Every structure is written in structure tokens, then in C-alpha cells.
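# Report on the structure
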Amino acid sequence: MDRIKPRTLSGFMELLPQRQVQFERMVEALRKTYSLYGFTPLDTPAIEASEVLLAKGGGETEKQIYRFTKGDTDLSLRFDLTVPLAKYVALHHNELTFPFRRFQIGKVYRGERAQRGRFREFYQADIDVIGDGALDIANEAEVPAIIYNTFTALGLRRFKIRVNNRKVLNGLFDALGLRGQSGDVMRTIDKLEKIGTEKVRAILTEDFAVPADTADKLLALLATKDPMSALEHYRGQNALLDQGIEELSTVVGYMSAFGVPADHFMVDLTIARGLDYYTGTVYETVMLDHPEIGSICSGGRYDNLAEYYTDKQLPGVGISIGLTRLFFVLEDQGYLNDALLTAPADVLILPMTQDLSPAISLATTLREAGVRTQLYTEQKKFKAKMNYADKLGIPYVIFLGEDEVSAGVCAVKDMGSGEQVKADPDQAVTLIQTGIRQRSTGTPIQDKVSEHMRGQP
């Protein structure tokens, strides 16, 4: 028989058990935080009809999508979680209660070129608030609070949420006489951080015929340290700009009330978000010590989520975390907290008697008390059994021999300290539970703060 060499496709991530536990712990923290804000979990199919996923069509989407036929049915793998949400809300509109608040953590698929930190199959973690006809701007101010609490719950400290409003940019373009080039200008300034001011200026003036003085005026405004004050000089020149300034001021004001510390957010007029469907507030979140990573969470306000599926007006606001990429980056940069318990069990029972009944009964008692318990019954040498516990990082081992069975006790060994005590089953439960609680404190991410940054935000 010819053997097939096992391999994992390029762009697909597989984790070893310890890392998988750490990843799941991050997912658990996200679920907990999202639930605190009243979001309901949602799961949509990974496979949809191609006409549903490609309703908007065009651009890079059709080039990257995984598309296939089964019989005479044209199918595609979902490439994000927003389009399936749009379909879901349009389909179940009459059964949902609005505003509809959902979170979804699931895999998406894109057939783009795989490279370091970029995957073809990856998890996204999204939240969205969908209104029926209207959606109050307070929701746009609450989203940064969710971002802040999500990343602090994970253990990150040094990050900043950058906020802007697309109405400000579009109104500003109108006021500067750039209405005809607004789309091109928007996409160009979105590249400021990647390519720098000089290259952006060159593209604006040479490729899109923006007058040099206008380009300079725009770039100077985008670079200002106090954007809200700078924008006041443009009030009254354009109705859309005035609306955007008002919305941005409202969001900034509410963010503090929602508990976002001032040193964790900033107004940044360069944040444009390349996607055309954003119409109001936009967000990007960056790690302060690793700006080269780019945004670790982004999103914004849109006017009509499901325009390709229904005539109903369904405005919304949402954010997305590329969870697989974020996990890869955190691992690569040494941010994962390896001190947290990642073992599959809290205790390993090693029966030392021919009759396994006492060990089985003890395992049942421990499990009923909520202690994760493995029963090791393989016929191996004692050293191999201990190596098994050690390699998996199981913190406690229980030995159960004839003497222990006769006395109604068990020998409990702390694998970390090496201490061993004899205890009855109830005492063993208490001992192990106390130790596990101590080992389980902490967050999935251990933020690294260099010495010169200690004490700073």
C-alpha cells in the first residue's frame, strides 16, 4: 500500500494541544465580554449559495472566494461573517427583535496567497448591532467600550482605539473641492501609515490631479495633534461635514461615560477604512509597541446592511477581530501566557491495585465535584506513567494502592512542588480545587511592558 505523506495545506493553521487550549481560552474571554453587553451568539452556515455571498460581487471578492458546484448547485464558502449576517437578518427580519445584537466567532475562507501571518482559513470574531430603519449613535460610542474591555480581558494593556467618521472626511472633501475624487482620495489617505505622507501627496497630486495647495491643506489637517479643534475651523462650510463633526463629538463624549480611558483612544482623521459601505464612525485598534502589525480590530457604521436582500433599511455598526492572525502575532511576539494551566486534566489517578473499582469510584467522586480527572490504566512502567503526567502538565497525581484503599485515603502529589500528602476523597477534592484556582488566575495574554514604558499608558 502506498503511503500518503501527511501535510497541512498552506494557509491553514493547526495547533498543538497546549496552544489550542490557549486559543480556546481567548475565544472564551471574547464570548464572556460580548455577553456582558447583551449580544446573543449566532452561527451561520460555512457554505452558502454563491448568488447570496456574491450579491455585491466585483473586486477582489470573486477572485478570492472558494467556489464549487455540487450537482447543479452553485456553492461558496463564506469569506466573512458580515454578508451571512446580512442574509440572516433579511431572512428572519419578522422573527427578530431590534436592535438586533449578535456576536459570531467562526471560520471564514479566502483563497488569497498564503504568507506569514495571513491565512486562507481563519477565525473572525465579530459583533454587530442592527437597527430597523434607524440606529442611535450611542451604539457607535459603545463599540469602543466593548473593544477596550475585550482586549483588557485578554490581558493586553498597551493598545489604542483610533476613531474617525466618514462623514467628516466626505464633507471635508466637498469643502476642499474634491467631491469628484472623494473615493480615490479616501482610499489613498487610508494608506498614509503604510506608505507615508510624501507618497500619499504624490499619488493625490499626480494620479488624481488634486491641486498641490489643497493636498497640503488636507494632509496638514490629517496630521494635527488636536483634530477636534482643527475641525472647528471648517464648521459651517459643508452640511455633511458639520453632521460628521457633531457625530464624532458625541461619540468621543459618550466613550468616556462608557468607561474607555482617555489614554486608550484618540481621534485620528487618517482612519478611513477602505470599504465603501462604511458611512459614519470608523474604528481601528493598534498595539502601541507593534504598529507594524496594523489594526488588530476594525469596523464602523454602515447605513444599510442588507440592501442586496431586502428593501428594508437596516443600519448597523460592527467590528471584527481577525482572531487567527491575532493569535499568530501574539505567539510570534511572545505574548501568550504560558504560566496558565493548559493541561487536559487537573489530576491523573494511577491505580496500584489489580482491581480498578476503587480508582474508578474515586475518579467518579472527583468528577462529580468538578475536578477534571484522567484515569491511567495502561500497563506501563511507573516512570512512563509519571512522564505522561509531566509531559501533559497535569498538576496533580493520585496514587491508589492497597494500603490507601484499606485506609480509605489516597496519596496526592503536587507535581509542581513535589509535595505528597495522604487525604480522604473529600480532602483531596478541596486540596486539588484550591491549587487549581491558584494556577488558573491570570489572562490568556501576558502584555510585555518594557522598563522605560512602565507606569505609562
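In short, a report on the structure. For clarity, every value in this text was computed on a predicted model and none was experimentally measured.

## Things to note about the overall build of the chain
Summing up its helical and strand segments, the chain has 17 helices and 16 strands in all. Expressed along its principal axes, the backbone C-alpha trace of the chain runs to roughly 90 × 60 × 45 Å. Within the chain, the fraction of its 457 residues that count as buried is 47%. Looking at the chain alone, contacts between residues at least 24 apart form 69% of all its contacts between residues at least 6 apart.

## A closer look at the sheet that holds strand β7 (residues 159-165)
Read across the open sheet, the 8 strands follow the order β1-β5-β6-β11-β10-β9-β7-β8; overall the sheet is mixed. If you trace the sheet from one side to the other, it starts and ends with β1 (40-41) and β8 (265-267), each paired once. Note: β7 against β8, 3 bridges, orientation parallel. Looking at the pairing, Val-163 lines up with Val-267 of β8. Helix α1 (residues 17-36) contacts β1, β5 (100-109), β6 (121-130) and β11 (316-322) of the sheet and is inclined by roughly 160° relative to β5.

## A short note on the packing of helix α9 (residues 197-207) against helix α10 (residues 212-223)
One way to put it is that α9 packs onto α10 with a least axis distance of 10 Å and a crossing angle of 140°. As judged from the angle between their axes, α9 and α10 are oblique. The element α9 and its partner α10 pack so that their crossing is right-handed. Of the residues in α10, those touching α9 at Thr-197, Val-200, Arg-201, Leu-204 and Thr-205 are Ala-212, Ala-215, Asp-216, Leu-218 and Leu-219.

## So, the pattern of salt bridges
Tallying each qualifying case throughout the model produces 20 salt bridges. A salt bridge links Arg-67 to Asp-74; the shortest N-O distance between them is 2.5 Å. For Asp-74, a relative accessible area of 30% translates into the label partly exposed. Residue Arg-179 is joined to Asp-174 by a salt bridge in which the shortest nitrogen-to-oxygen separation is 3.2 Å.

## Here's the deal with the side chain of Arg-301
Topologically, Arg-301 is positioned in strand β10 (residues 297-302). Excluding anything up to four places from it in sequence, Arg-301 contacts Leu-135, Asp-136, Glu-140, Tyr-277, Tyr-278, Thr-279, Gly-280, Thr-281, Pro-315, Gly-316 and Val-317.

## Here we look at the packing of aromatic side chains
Taken as a whole, this structure holds 9 aromatic pairs when the rule is applied. Relative to Phe-100, the ring of Tyr-88 has its centre 6.1 Å away and its plane inclined at 20°; by these criteria the two rings are stacked. Taken together, the residues Tyr-88 in helix α4 (residues 82-91) and Phe-100 in strand β5 connect sequence positions 12 residues apart. With relative accessibility at 8%, the residue Phe-100 sits in the buried group. An aromatic cluster is present here, built from Phe-23, Tyr-123 and Phe-327 joined pairwise through their rings.

## Considering unusual backbone geometry
A cis amide bond links Phe-98 with the next residue in sequence, Pro-99, at an omega value of 0°. Turning to its location among the elements, Pro-99 is positioned in the loop between α4 and β5. Here Ala-209, not a glycine, exhibits a phi torsion of approximately 55°, which is positive. Considering the arrangement of structural elements, one finds Ala-209 in the loop between α9 and α10. For Ala-209, a relative accessible area of 58% puts it in the exposed group.

## Quick notes on the packing of α1 against helix α13 (residues 323-332)
Contact geometry for α1 and α13: axes closest at 11 Å, N-to-C directions at 125°. Classified by the angle their axes make, α1 and α13 are oblique. Crossing handedness for the pair α1 and α13: right-handed. Of α13, the residues touching α1 (which contributes Arg-19, Gln-22, Phe-23, Met-26, Val-27 and Leu-30) are Leu-323, Thr-324, Leu-326, Phe-327, Leu-330 and Glu-331. Class assignment for the residues of the contact of α1 with α13 results in 8 nonpolar, 2 polar and 2 charged.

## Observations concerning the environment of Ala-212
Tracing the backbone through its elements, the reader meets Ala-212 in helix α10. A relative accessible area of 37% means that Ala-212 is categorised as partly exposed. Considering only alpha carbons, one finds Ala-212 and Arg-201, 11 residues apart in sequence, at a separation of 8.1 Å. Apart from residues no more than four positions distant in its own chain, Ala-212 is found in contact with Arg-201 and Thr-205.

How each quantity is defined
- Residues numbered from 1 in each chain as written.
- Predicted model: local features only at pLDDT ≥ 70, side-chain atom pairs only at ≥ 80, totals over all residues.
- Heavy atoms only, no water.
- Helix = DSSP H or I, 4+ residues; strand = E, 2+ residues; numbered from the N terminus.
- Buried < 20%, exposed > 50% of the residue type's maximum accessible area, 1.4 Å probe, protein only.
- Contact = heavy atoms within 4.5 Å.
- Pairing = 2+ DSSP bridges.
- Axes fitted to C-alpha atoms, helices over the stretch in contact; angles between N-to-C directions.
- Parallel < 35°, antiparallel > 145°, perpendicular 65-115°, else oblique.
- Left-handed = near helix turned anticlockwise from the far one by under 90°.
- Salt bridge = Lys/Arg side-chain N within 4 Å of Asp/Glu carboxyl O.
- Phe/Tyr/Trp six-rings, centres within 6.5 Å; stacked < 30°, edge-to-face > 60°.
- Nonpolar A, V, L, I, M, F, W, Y, C, P; charged D, E, K, R; others polar.

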